[in-house]
Amino acid sequence: MNTAAFKVAVVGGGISGAVCASTLARNGVSVTLFESARGPGGRMSHRREKTEDGKELSFDHGAPFFSVSKPEVQSIVQEWESKGLVAEWKEEFGSFDFHTRKFNNIEQQVGFSKRFVGVPGMNSICKALCNESGVESKFRVGIGKAEWLDDEKLWSLTGVDGQNLGQFKGLVASDKNIVSSRVTEVTGQPPPLDFSLVPELSAKLQNLPVQPCFAVMLAFAEPLSSIPFKGVSFENSKVLSWAYCDSCKPNRETTSERWVLHSTAEYAEGIISQTGMKKPSDATLNKVAEQLLQEFQSTGIHIPEPFFKRAHRWGSAFPGARVAPEEKCLWDRNKRVVICGDFCVSPNVEGAIESGLAAALRLKDSASCL
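On a predicted model such as this, the values are computed, not experimentally measured, just so you know.

S.K.: Just to check I follow, could you spell out the pairing of strand 13 (residues 170-173) for this structure?
M.R.: Across a regular strand the side chains alternate sides, sitting on one face of the sheet and then on the other. Side chains Gly170 and Val172 of strand 13 all project onto a buried face; the interleaved residues Leu171 and Ala173 project onto the opposite face, where all are buried too. Strand direction decides the pairing type here: strand 1 (residues 7-11) and strand 13, joined by four bridges, are parallel. Residue pairing for strand 13: Val11 is matched across the bridge by Ala173. Where strand 13 meets strand 20 (residues 337-339), three bridges bridge the pair, whose relative direction is parallel. Note on strand 20: the bridge partner recorded for Val172 is Val338.

Spelled out as structure tokens, the structure:
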């Protein structure tokens, strides 16, 4: 059959959705990708900020890097590397124990895999995939409702603004919130995909545990030369989980030294229990930024006051369980709907890539059978 006549909608422009869309398009399937944000990336977003005096700063405030171990993912990353979309981040990482007050070189202890970063930002990979031939990407377009037209055997999508977004033979949801009641806590609206349409898939996502996190972006006038590593994991802290020097990644702007701090899930859950899941206020974000910076400074090493400091909340980005480790995605053959993401395989970039590839395979095979 002519697979170009098999139109598929991909909801979500994170790495899982972008990989799925690109893979389908390369196999001749017509793809329209919808992303509610102004650009692709999801947790691999690259954030641009401005200081009060107009200085531009940029941060990878979600996933700082990724590693790969699966052959099918390694081959894709090699292709990205050959195109200049990713580069290896060769800095040494370590850990800091708040009990012993000492740094340790974790790479000497347990070995490590290569760390890759997007160039010039983590979102560069998703940008390239969403711009590939055969992928029509529509940003700032949120999905309000996904309806199954039983007579036509098609999916009909409506935007949050009520706009008709078209009809499709296949649907990919790379955002677990499309069928999660958690979205109602944030928006006050029901999930875009009615539970009753895909009850078996919905049941697996209804009580999916998630781990929230706050990221704090910092910019310093001078290098933090007293820190022996460019990436540090923290032990025995209830506040800090990670810190990494974002500006030392390959092909980054280096006029200032920029660091990103990640909170522990325990800390983030405590804040959210007080404020709820609605968008946090500036006062809350300022408080979080100050508390994470204070914990960073309490390591005892010299960390001066930054000239820029801002917090961001990742409310439900990190899955706390895997819902399809063997299948790698959730698939309803009769309605040709597939749900993919890191929550299916493993809570990291490689897991998201694996799930996106599996989702594309399900729909590609389905297109070939029609």
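S.K.: Before we go on, may I ask you to explain the sheet that holds strand 10 (residues 143-149) in this structure?
M.R.: Backbone hydrogen bonds are what pair the strands of a sheet, in a parallel or an antiparallel way. The antiparallel open sheet is built from three strands, whose spatial order is 10-11-12. Two strands in the sheet have a free side with no partner beyond their single neighbour: strand 10 and strand 12 (164-168). Across the sheet, the mean angle from the axis of one strand to that of its neighbour is 15°, orientation sign disregarded. Two elements, strand 11 (residues 154-159) and strand 12, share four bridges in a ladder whose sense is antiparallel. Note on strand 12: the bridge partner recorded for Trp155 is Phe168.

S.K.: Can you help me understand the packing of helix 1 (residues 15-26) against helix 10 (residues 349-369) in this one?
M.R.: The relative placement of two packed helices is expressed as an angle between their axes plus a distance between the axes. The N-to-C vectors of helix 1 and helix 10 enclose an angle of 35°; their axes lie 7 Å apart at closest approach. Note that helix 1 runs across helix 10; the crossing there is right-handed. Residue-level inspection shows Ile15, Ser16, Val19, Cys20, Thr23 and Leu24 of helix 1 in contact with helix 10, the latter providing Val349, Ala352, Ile353, Ser355, Gly356, Leu357, Ala359, Ala360, Leu363 and Lys364. Of the residues in the contact of helix 1 with helix 10, the class split is 11 nonpolar, four polar and one charged.

S.K.: Just to check I follow, could you spell out the sheet that holds strand 19 (residues 330-332) for this structure?
M.R.: One open sheet accounts for six strands, arranged 9-2-1-13-20-19; its pairing is mixed. Each edge of the open sheet carries a strand with a single partner, namely strand 9 (135-139) and strand 19. When strand polarity is set aside, the average angle formed by the axes of neighbouring strands in this sheet is 15°. Pairing geometry for strand 1 and strand 2 (residues 30-35), over five bridges, is parallel. Bridged to Val10 within strand 2 is Leu33. Sitting on the sheet, helix 1 touches strand 1, strand 2, strand 9 and strand 13, and the angle it makes with strand 2 is about 165°.

S.K.: Please explain the packing of aromatic side chains as it appears in this structure.
M.R.: Across all of its chains, the model carries 17 aromatic pairs by this definition. When the ring of Phe96 is compared with that of Phe234, the centres are 6.4 Å apart and the planes differ by 65°; the resulting orientation is edge-to-face. Here Phe96 is found in strand 6 (residues 93-97), whereas its partner Phe234 is found in strand 15 (residues 231-235), with 138 residues between them in sequence. An angle of 45° between the planes, with centres 5.8 Å apart, marks the rings of Phe98 and Phe234 as tilted. Of this pair, Phe98 sits in the loop between strand 6 and strand 7 (102-104) while Phe234 is found in strand 15, placing the two residues 136 residues apart along the sequence.

S.K.: Is there a simple way to think about the pattern of salt bridges in this case?
M.R.: Where side chains of opposite charge bring their charged atoms close, a pairing between them can arise. Here the structure, examined in full by the defined rule, presents 18 salt bridges. The salt bridge involving Arg43 is made with Asp342; its shortest N-O contact spans 3.1 Å. Linking Arg43 in the loop between strand 2 and strand 3 (47-50) with Asp342 in helix 9 (residues 342-345), this pair joins segments that are 299 residues apart in sequence. Classification of Arg43 by relative accessible area gives buried; the value is 16%. Of the charged contacts, one joins Lys309 and Glu290 as a salt bridge, the two residues approaching to 2.4 Å between their closest N and O atoms. Residue Lys309 is found in strand 18 (residues 308-319), and its partner Glu290 is found in helix 8 (residues 282-297); the two are separated by 19 residues along the sequence. On the basis of relative accessible area, Glu290 is assigned to the partly exposed category, the value being 25%. Among the charged side chains, a network of salt bridges with common partners joins Arg26, Glu79, Lys83 and Glu132.

Scoring rules and cut-offs
- Residues numbered from 1 in each chain as written.
- Predicted model: local features only at pLDDT ≥ 70, side-chain atom pairs only at ≥ 80, totals over all residues.
- Heavy atoms only, no water.
- Buried < 20%, exposed > 50% of the residue type's maximum accessible area, 1.4 Å probe, protein only.
- Helix = DSSP H or I, 4+ residues; strand = E, 2+ residues; numbered from the N terminus.
- Pairing = 2+ DSSP bridges.
- Axes fitted to C-alpha atoms, helices over the stretch in contact; angles between N-to-C directions.
- Left-handed = near helix turned anticlockwise from the far one by under 90°.
- Contact = heavy atoms within 4.5 Å.
- Nonpolar A, V, L, I, M, F, W, Y, C, P; charged D, E, K, R; others polar.
- Phe/Tyr/Trp six-rings, centres within 6.5 Å; stacked < 30°, edge-to-face > 60°.
- Salt bridge = Lys/Arg side-chain N within 4 Å of Asp/Glu carboxyl O.

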